[in-house]
Amino acid sequence: MLFDQKDFLRASVGNDEKWWRTCHAYFFCGTPFGTEAGSEPYRTPDKAKAKQLLAEAGYKGEKITLMGPADIQFINAYTMVTAENLKKIGMNVDLVIADWGSI
């Protein structure tokens, strides 16, 4: 409910959609197990719903640590997108960026 796959793809690959496409399969699209069946409710982000579900789960502002690598660009991009989205729904994010070997 929280994430838009396009945000991750744009952050890691760029805005030109000729280099990527969205896929809502658990396994890679185009592979024998790459079905998108059942993914319909999760294809469109709903930050308000994500915040509601977080509250219903009992989250009360506890600090969470999110670790990401400084030296692997695409994973670093994913980490930044994740951190910003978590903060938008009120999570207390302790972002730790270090080299991949330390993580």
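Residues numbered from 1 in each chain as written. Predicted model: local features only at pLDDT ≥ 70, side-chain atom pairs only at ≥ 80, totals over all residues. Heavy atoms only, no water.

### Thoughts on the nonpolar core
Now for step 1: Within the largest apolar cluster, ten residues are counted, these being Leu2, Ala50, Leu54, Tyr59, Leu66, Ala83, Leu86, Ile89, Met91 and Val93.
Now for step 2: Elements with a contribution of two residues or more to this core: α2 (47-56) and α3 (73-88).
Now for step 3: Look past the residues within four positions of leucine 2 in its chain and what remains in contact with it is Pro45, Lys47, Ala50, Asn85, Leu86 and Ile89. (Core = buried A, V, L, I, M, F, W, Y, C linked by side-chain atoms within 4.5 Å. Buried < 20%, exposed > 50% of the residue type's maximum accessible area, 1.4 Å probe, protein only. Helix = DSSP H or I, 4+ residues; strand = E, 2+ residues; numbered from the N terminus. Contact = heavy atoms within 4.5 Å.)

### Concerning the state of the cysteines
Now for step 1: Applying the stated criterion across every chain, the model contains one disulfide.
Now for step 2: Between cysteine 23 and cysteine 29 runs a disulfide, and the two sulfur atoms are separated by 1.6 Å. Judged by the sign of its S-S torsion, about 90 degrees, the cystine formed by cysteine 23 and cysteine 29 is right-handed.
Now for step 3: Classification of cysteine 23 as buried rests on a relative accessible area of 17%.
Now for step 4: Relative accessible area serves as the criterion here: at 18%, cysteine 29 is assigned to the buried category. (Disulfide = S-S within 2.5 Å.)

### Some details on the pattern of salt bridges
Now for step 1: Scanning the entire structure with this criterion turns up three salt bridges.
Now for step 2: For glutamate 36, the salt bridge goes to arginine 43, with nearest N and O atoms at 4.0 Å.
Now for step 3: A salt bridge links lysine 87 to glutamate 84; its shortest N-O distance comes to 3.9 Å. On the criterion of helical spacing, the pair formed by lysine 87 and glutamate 84 is a turn pair, its members being three residues apart in helix α3.
Now for step 4: Here glutamate 84 falls in the partly exposed class, since its relative accessible area comes to 43%. (Salt bridge = Lys/Arg side-chain N within 4 Å of Asp/Glu carboxyl O.)

### Describing the confidence of the model for the protein chain
Now for step 1: Summing up the model confidence of the protein chain, the mean pLDDT is 94 and the portion of residues at 70 or higher is 100%.
Now for step 2: Taken element by element, the protein chain is modelled with least confidence in helix α1 (residues 5-13), mean pLDDT 94, and with most confidence in strand β2 (residues 92-98), mean pLDDT 98. (pLDDT = per-residue confidence, 0-100.)

### Details of the packing of aromatic side chains
Now for step 1: Taken as a whole, this structure holds five aromatic pairs when the rule is applied.
Now for step 2: An angle of 90 degrees between the planes, with centres 5.0 Å apart, marks the rings of tyrosine 26 and phenylalanine 27 as edge-to-face.
Now for step 3: An aromatic cluster of at least three residues, connected via ring pairs, comprises Phe3, Phe8, Phe74 and Tyr78. (Phe/Tyr/Trp six-rings, centres within 6.5 Å; stacked < 30°, edge-to-face > 60°.)

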